[in-house]
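Structural description and commentary
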Amino acid sequence: MSKPADLEHWQRLATEELGASAALLAGVETPEGIVRRPLYTQADVDPLVDRDTLPGLFPFVRGVRATMYVGRPWTLRQYAGFSTARETNAFYRRSLAAGQRGLSVAFDLATHRGFDSDHPRVVGDVGKAGVAIDSVADMALLFEGIPLDQTSVSMTMNGAVLPVLAMFIVAAEEQGVKPARLSGTIQNDILKEFMVRNTYIYPPEPSMRVVGDVIAYASRNLPRFNPVSISGYHMHEAGAPAQLELAFTLADGLEYVRAARARGLDVDAFAPRLSFFFAVGSDFFTEIAKLRAARLLWARLMREHFQPRDPASERLRMHCQTSGISLTAQQPHNNIVRTTLQALAAVLGGTQSLHTNAFDEALALPSDFAAALARNTQLILQHETGLDQVIDPLGGSYYLETLTQQLCQKAEAIIAEVEAAGGMTRAVAEGWPKLRILAAATRRQARIERGLDVIVGVNRYQADASAEPAVELRSIDNQQVRAEQIERLSQVRSQRDAAQVGRCLDALHAAAQEPRANLLESAIAAARARATVGEISAALERAFGRYNASASQVSGYGQYYADEPRWLELQGKIGEFARLTGRRPRLLVAKLGQDGHDRGARLIASAFADSGFDVDVGPLFQTPEEVAQQAVDNDVHAVGISTQAGAHLTLVPELVTRLRALGAGDIVTVCGGVIPDADHAALRAAGVTQIFGPGTPIVLAIERVLEALWPRVDGVPGAAAPGVR
């Protein structure tokens, strides 16, 4: 251990070397509220507990297996799905041939939300952000030629978990594979949907019953299958710092264990099959410490609350994915480096499986080339670095051990707050976890735009866009995919026994009204009869209702600009607009289709409101007709569409058409989000005034929207154009 005299000597040397910057020795506060100091010694680690444990032993901070990657590296599991089942199947087969060892299915938003592809509310969503699955026939085609008794399959599905898992089980049976031989994971994590991702269908309470029924069925019939993947990933993507991601994810896990116990299950009958899903961002050591802290905390929580007899019930097994929110549309090839470092952090943190994002995902669905490069990133880490030869190589680092414990302490305090409030189901229903994540996201975005946090190529070291090499993007013809799916649906419906389907759906509806019935069993019977995703979901909706969240909004973006001349000038121009027109500029922020990713929309609403706009936030999952009517009813000057899932080419032109039909063609329409450059011309031709891609500073967006509105005051004395930069 360093002696006090040695530390004093170091302090003098460091102060001399830093000179005027010696204040840095006090440390820098991270988004987690942790002060990161430049030096850590054994004195920082001494008070900590659990630092001398071994991998495979409680509390598993150094890994859930005694040998970790020695002899068995982490599973390379790439998340993919697009267009039709046939197209995605071909992609899967190429990936497996190239070294991928497990499949991870991305479903389209229509499937997530329990709608068949021919439903009028999903016109722009079919096949765009994942693969369209309507029936057992689609599921069978998705895995054609892929032996399901030899391939681990992970499915990211929550709202429509019952029909999707039922169809997977039936498709496997028809392939000759019994349920007991299936391996993989179904996400089935509905609580985080109410917080951040929003692909829910039913209200929280019946949704939690669905989770419990899936766990109960799997514990009896799917011994190799994980019935829940408790996800912090989407919280990270929505802007949650590490301590919120940790706390809310583990609090969700406690709630799911309780739901399974309420179904009469012994904790050791299902807890060993629970899995977790974390994002890995760019703050290298924080992300490693987060994964270690997750294992430590879960082991403690399980022992404290449930006293399992099987040590496997205390082990937190995880899948990780590199951060999508860190990917930039500017200089997108930089994303290859970001993803590599994040993947390295996931491995050093001890993940059991890993997905590496493709560099072009801030622009569109990944191309085959980009997806292959992302997959090869993992293969290089596995085969060329020696990472599979040493267990927890950073264990014992003064800094890492200190940081692990600090994150534990912060997360424990938040979990205690959740427990005191009655658990995560109640907290989610009250909405405060979502607001806390949204407030953190607002702070994060403002810090980036002020340049307080450096993003290479975005707010520093920008390059001439014309010098960037072209990126070939994957493009999905949504209308063609939808037409193909509607034709397949028609075939399924014409060839099935309609009376038998009706009986199965009636039985499912009756089961939903009987708390002791297992809903997955009834859904499997309906799937065998060739009931569709939409029909199974509708039968449950008749019993449970469809959930509609309230439009939450936060403020606080403007506090980061309070002394910034450009912001003050902008507020002055907005005040001038209000003086000349008699009211403040009014913006409706809306989402179209089934795209529930609302982080961007909420940030925009917060920033525009803080700048001086009147802002209305539309409900999620609206049609163009509904948004147009709300815009007219609220007498707005502009409609801002936030898009993340690729439906803009179908839905935004329809919105403009609807506005004109209502006599409101003078309402300005703007779009922001994941919008490839190739789509800009079509949107402008349809009447979109401004298009803002990922990484656009919100202050610039406010300026340009105000500039677009200024013709409203033309002819008014003194109404000079705002001179927006």
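The notes below deal with the structure included here. These numbers come from a predicted model, not from an experiment.

Core analysis: the biggest nonpolar cluster contains 80 residues, and Phe 248, Phe 270, Trp 298, Met 424 and Ile 437 have the highest contact counts within it. Counting 70 residues, the second largest nonpolar core, distinct from the first, contains Val 126, Ile 133, Val 177 and Ala 511.

On to the packing of helix α23 (residues 599-611) against helix α27 (residues 698-709), then. Packing of α23 against α27 brings their axes to within 10 Å, and their N-to-C directions diverge by 65 degrees. Both α23 and α27 take part in a crossing whose hand is right-handed. Together, Leu 603, Ile 604, Ala 607, Phe 608 and Ser 611 of α23 and Ile 698, Ala 701, Ile 702 and Val 705 of α27 make up the contact between the two elements.

Let us look at the environment of Ala 439. Mapped onto the elements, Ala 439 comes out in helix α17 (residues 432-449). Separated by 200 residues in sequence, Ala 439 and Gly 239 have C-alpha atoms that sit 8.5 Å apart.

Either a parallel or an antiparallel arrangement is found when strands of a sheet pair, and the pairing is made through backbone hydrogen bonds. Pairing in this open sheet of five strands is parallel, and the strands run β13-β12-β14-β15-β16 from one edge to the other. Each edge of the sheet is formed by a strand with only one pairing partner; in this case those strands are β13 (614-617) and β16 (690-692). Sheet twist, expressed as the mean angle between neighbouring strand axes with direction ignored, is 20 degrees. This element, helix α24 (residues 624-633), spans β12 (586-590), β13 and β14 (638-643) of the sheet and lies at about 160 degrees to β12.

Attention shifts here to the side chain of Thr 339. With respect to the helices, strands and loops of the structure, Thr 339 is situated in helix α13 (residues 334-348). Residue contacts for Thr 339: discarding those within four places in its chain leaves Thr 322, Leu 327, Thr 356 and Asn 357.

As a further point, take the environment of Leu 222. The topology assignment puts Leu 222 in the loop between α8 (204-221) and β7 (225-226). Overall, the relative accessible area of 2% leaves Leu 222 in the buried class. The spatial distance from the C-alpha of Leu 222 to the C-alpha of Pro 179 is 5.7 Å, given a sequence separation of 43 residues. What Leu 222 contacts, discounting residues up to four positions off in sequence, is Ile 169, Pro 179, Leu 182 and Tyr 217.

What follows deals with the packing of aromatic side chains. Scanning all chains against the criterion turns up 22 aromatic pairs. Ring centres of Phe 58 and Phe 60 lie 6.3 Å apart, and the angle between their planes is 75 degrees; this geometry places the pair in the edge-to-face category. Residue class for Phe 58 comes out partly exposed when judged on its relative accessible area of 29%. On the basis of relative accessibility, which here comes to 1%, the residue Phe 60 falls in the buried class.

With that settled, the discussion passes to the sheet that holds strand β8 (residues 229-231). Reading across the sheet, the nine strands line up as β7-β6-β5-β4-β3-β11-β10-β9-β8 and stay open at both edges, with parallel pairing between neighbours. Strands at the two margins of the open sheet, each flanked by one partner only, are β7 and β8. Contacts between helix α12 (residues 284-306) and the sheet are confined to β9 (275-280) and β10 (318-322), with β9 contributing the most and set at about 160 degrees to the helix.

Another aspect to go through is unusual backbone geometry. Here the bond from Phe 58 into Pro 59 is cis, since omega is 5 degrees, no more than 30 degrees from zero. Tracing the backbone through its elements, the reader meets Pro 59 in the loop between α2 (42-45) and β3 (75-80). Even without being glycine, Met 68 reaches a positive phi, approximately 45 degrees. Tracing the backbone shows Met 68 in the loop between α2 and β3. For Met 68, a relative accessible area of 6% gives the class buried. Although it is not a glycine, Gln 331 sits at a positive phi angle of roughly 45 degrees. For Gln 331, the position within the fold is in the loop between β10 and α13.

Our focus in this paragraph is the pairing of β14. Of all the six residues making up β14, six are buried; the element is thus mostly covered by neighbouring parts of the structure. Side chains Ala 638, Gly 640 and Ser 642 of β14 all project onto a buried face; the interleaved residues Val 639, Ile 641 and Thr 643 project onto the opposite face, where all are buried too. Here four bridges tie β12 to β14, and the two strands are oriented parallel to one another. Each bridged residue has a counterpart across the sheet, and for Val 589 the counterpart in β14 is Gly 640. Here β14 runs beside strand β15 (residues 668-673); their pairing, made up of six bridges, is parallel. By the bridge assignment, Ser 642 is partnered in β15 with Gly 672. With respect to chirality, the unit in which β14 leads through helix α25 (residues 648-661) into the neighbouring parallel β15 is right-handed.

With 14 residues, α25 extends 19 Å from end C-alpha to end C-alpha; this agrees with the ideal 20 Å at 1.5 Å per step. Looking only at α25, the buried set comprises His 648, Leu 651, Val 652, Leu 655, Val 656 and Leu 659. An end-on view of α25 places all buried positions within 140 degrees of arc, on one side of the element. Along α25, exposed side chains directed more than 90 degrees from the buried face belong to Arg 660 and Ala 661. In the core, the buried residues of α25 are packed alongside α24, β14, β15 and α26 (680-686). Two residues or fewer after α25 comes Gly 663, characterised by a positive phi angle close to 75 degrees.

Rules used throughout
- Residues numbered from 1 in each chain as written.
- Predicted model: local features only at pLDDT ≥ 70, side-chain atom pairs only at ≥ 80, totals over all residues.
- Heavy atoms only, no water.
- Core = buried A, V, L, I, M, F, W, Y, C linked by side-chain atoms within 4.5 Å.
- Buried < 20%, exposed > 50% of the residue type's maximum accessible area, 1.4 Å probe, protein only.
- Axes fitted to C-alpha atoms, helices over the stretch in contact; angles between N-to-C directions.
- Helix = DSSP H or I, 4+ residues; strand = E, 2+ residues; numbered from the N terminus.
- Left-handed = near helix turned anticlockwise from the far one by under 90°.
- Contact = heavy atoms within 4.5 Å.
- Pairing = 2+ DSSP bridges.
- Phe/Tyr/Trp six-rings, centres within 6.5 Å; stacked < 30°, edge-to-face > 60°.
- Right-handed = clockwise from strand over helix to strand, strands pointing away.
- Expected span 1.5 Å × (residues − 1).
- Arc of directions from axis to C-beta.

Just geometry here; none of it tells us what the structure is for.
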